[in-house]
Amino acid sequence: MADMSKVNDWLGAIPSPQTRKNYLNGIRRFEEFYQKPIESLLELDDMELGHIIEKFYSYLKQNHPQNTCRNLVNCPIQYFKYFGKNPKYKKSLGIYTTTLTTRDHMLTVDECREMWKVASLEEKVMVKTWMLGLRIGDACKLEWQQFNLKTSEEPQEVLISTHKEGIVAHVFIDPEFQELLEKQIVNLDRSNKFLFQSEKGGHVKEKQLLRKLQSLKKKAGIDAKGKVFGWHLGRKLFLRTCAELGITSWNAQMMCGKAVDKSIATYINGVQLKNDAKKIHNVLKMENQSNGNDKRVENLESAIRNLENENMALKTRQDELQKQHIIMKKSIRMQNMAIFEKALGKKHVERLERASIKEEVERQRATEDYPYMPSLLSVDDTYTEKGRKRETRENREK
């Protein structure tokens, strides 16, 4: 690079340090290809600049995937536009086409919950911020006063000015996040306005916040299998969840700070955004929170357990009473037998007893509720037909 003054002027207008770094790398790659400083091309017209951009794109396509080519070619295009140029390249080339990448780890909600389980209070605040879908540059610069909310059972909206695209993100803080913030904010240095504070003052840098996230991922034992585990995975998870829930793309973009066409933004209302935020938070919540239905189910289960215990106690009492009844019945019978023996004689009482047993056998045979009892059939046949004939003969002899 010969004269860096114009490049520095252009880069100085870009707020994100990471974007500045990427743009500078892209300019260097362009100058390696063109073999001249990029400032020298500002004298060319838009058609000539467009032809050079097309050649640069074709050169990159020989050794790089589409997404890398798009990012590198975008750097000189943005540089020329900053200085009032508008390169006329062929749209049919598909320079700004984005292809699905397999380079990034596919983050899941369950993996976020595993990170949550081993996280400290500060790390939990970081995880919930990560899942709002904000860019890391915007997350670093969040101010705690924006989140000093009175806890509520409803999601609360916070408007955040994004740096890269210069738009307002309609972020919703769910009750779970509100409780965390209430605990975390009291531990912060009130003289430092940022939510994620640096030990040296001010806010943490993007690299520091990313290292904290990756350290938590390692502590949770999550295996990315060699793929990239970056801050942007939270943004992808947020937008993917919105798509799976059927939330319109412009509502999802407004909630995570992506640019939306002004003609559409006019018709988006806060009520619809809040309803969509509730759906998202129900999927992305870290802990199972009991609602009214869960409480009613618990009360019903408790009532059923109490009834079962009462039934068991009643059954035990019933069994005890039945045993006492059998004992009492046997005792009364023994007393009656003693009285009959004394008054009528032992032989006549035995006959009465056998007759009583026979009646019991007949009753049991006629009742389906009682089993067949062979032991009761082994009685003397005094009152059978044969017995009655013998008794008649004995009486005649007397």
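The residue numbering used here restarts from 1 in each chain and proceeds along that chain's sequence as written. Local features in a predicted model are, by the rule used here, given only for residues with pLDDT of at least 70; side-chain atom pairs are given and counted only at 80 or more, and totals for whole chains, interfaces and linings are based on all residues. Processing note: side-chain calculations cover all non-hydrogen atoms of the structure and skip hydrogens and water entirely.

### Focus: the overall build of the protein
Put simply, the test is: Put simply, DSSP marks the helices as runs of H or I at least four residues long and the strands as runs of E at least two long, and each gets a number from the N terminus on. A simple rule labels every residue: compare its accessible area, found with a 1.4 Å probe on the protein chains alone, to the largest value its type can have, and call it buried under 20%, exposed over 50%, or partly exposed in between. Contacts: residue pairs with any heavy atoms within 4.5 Å of one another. Reported accessibility uses the Shrake-Rupley method at a 1.4 Å probe radius. Residues are deemed covered only where the shown protein chains occlude them.
In terms of helices and strands, the protein carries 16 helices and 2 strands. Taken across its 398 residues, the protein has 35% of its residues classed as buried. In the protein, 64% of the contacts between residues at least 6 apart in sequence involve partners at least 24 apart. Surface exposure of the protein reaches about 25500 Å², of which carbon and sulfur atoms provide 51%.

### Some details on the confidence of the model for the protein
The test is simple: Scored from 0 to 100, pLDDT records how confident the predictor is in each individual residue.
Per-residue confidence for the protein gives a mean pLDDT of 83; residues scoring 70 or more make up 80%. Within the model, the stretch residues 369-383 combines pLDDT values under 50 with 25 contacts to residues more than four positions away or in other chains.

### Remarks on the pairing of strand β1 (residues 156-161)
Let me state the cut-off plainly: One requirement defines pairing of two strands: DSSP has to find at least two bridges between them.
With burial as the criterion, only one face of β1 is covered, namely that bearing Q156, V158 and I160; the residues E157, L159 and S161 on the opposite face remain uncovered. Where β1 and strand β2 (residues 168-173) come together, 6 bridges link them in antiparallel fashion. For V158, the partnering residue across the bridge sits in β2 and is V171. Hairpin connection of β1 to β2: 6 residues between the antiparallel strands, including G166 at a positive phi of 65 degrees.

### Description of helix α8 (residues 175-185)
Owing to its 3.6 residues per turn, the α-helix brings residues three or four apart onto one side. For α8, a buried count of 8 out of 11 residues is recorded, marking the element as mostly surrounded by other parts of the structure. Here α8 has its buried residues at P175, E176, F177, Q178, L180, L181, Q184 and I185. Each element contacted by the buried residues of α8 is listed here: α5 (109-117), α6 (121-130), β1 and β2.

### What to know about empty space enclosed by the protein
Convention followed: A cavity here means a set of 1 Å grid points, computed over protein atoms only, where a 1.4 Å probe fits but cannot escape. A pocket is an open set with protein on both sides within 12 Å along at least 5 of 7 lines, and lining residues have an atom within 4 Å of a point. Grid points are joined across faces, edges and corners, and a volume is the space filled by probe spheres set on the points.
This model, assessed by the stated rule, comprises 2 cavities of 30 Å³ or more. Taken as a whole, the largest cavity spans an internal volume of roughly 80 Å³. In this structure, the second largest cavity occupies an estimated 50 Å³ of space. Every residue lining the second largest cavity is listed: L132, H170, V171, F172, F238, M255, A277, I280 and H281.

### Some points on unusual backbone geometry
Phi is positive for Q35, close to 65 degrees, though the residue is something other than glycine. In this structure, Q35 sits in the loop between α2 (17-34) and α3 (46-61).

### A look at the state of the cysteines
The test is simple: When two cysteine sulfur atoms are found within 2.5 Å, that pair is recorded as a disulfide.
All told, the structure shown has 0 disulfides when counted by the stated rule. Just so you know, C256 is unpaired, no disulfide at all, and the nearest cysteine sulfur is the one on C242, 7.2 Å from it. Judged by its relative accessible area of 1%, C256 falls in the buried class.

### Focus: the nonpolar core
The nonpolar side chains of a soluble globular protein tend to be buried, and buried together. What counts here: We call a set of buried Ala, Val, Leu, Ile, Met, Phe, Trp, Tyr and Cys residues a nonpolar core when their side-chain atoms join them within 4.5 Å.
Ranked by size, the top nonpolar core spans 54 residues in total, and within it W130, L195 and L209 carry the most contacts. Filtering out sequence-adjacent residues up to four positions away, L209 remains in contact with M126, I136, A139, C140, F196, V204 and W231. One finds Y23, L60, C75 and Y89 within the second-largest nonpolar core, a separate group that totals 26 residues.

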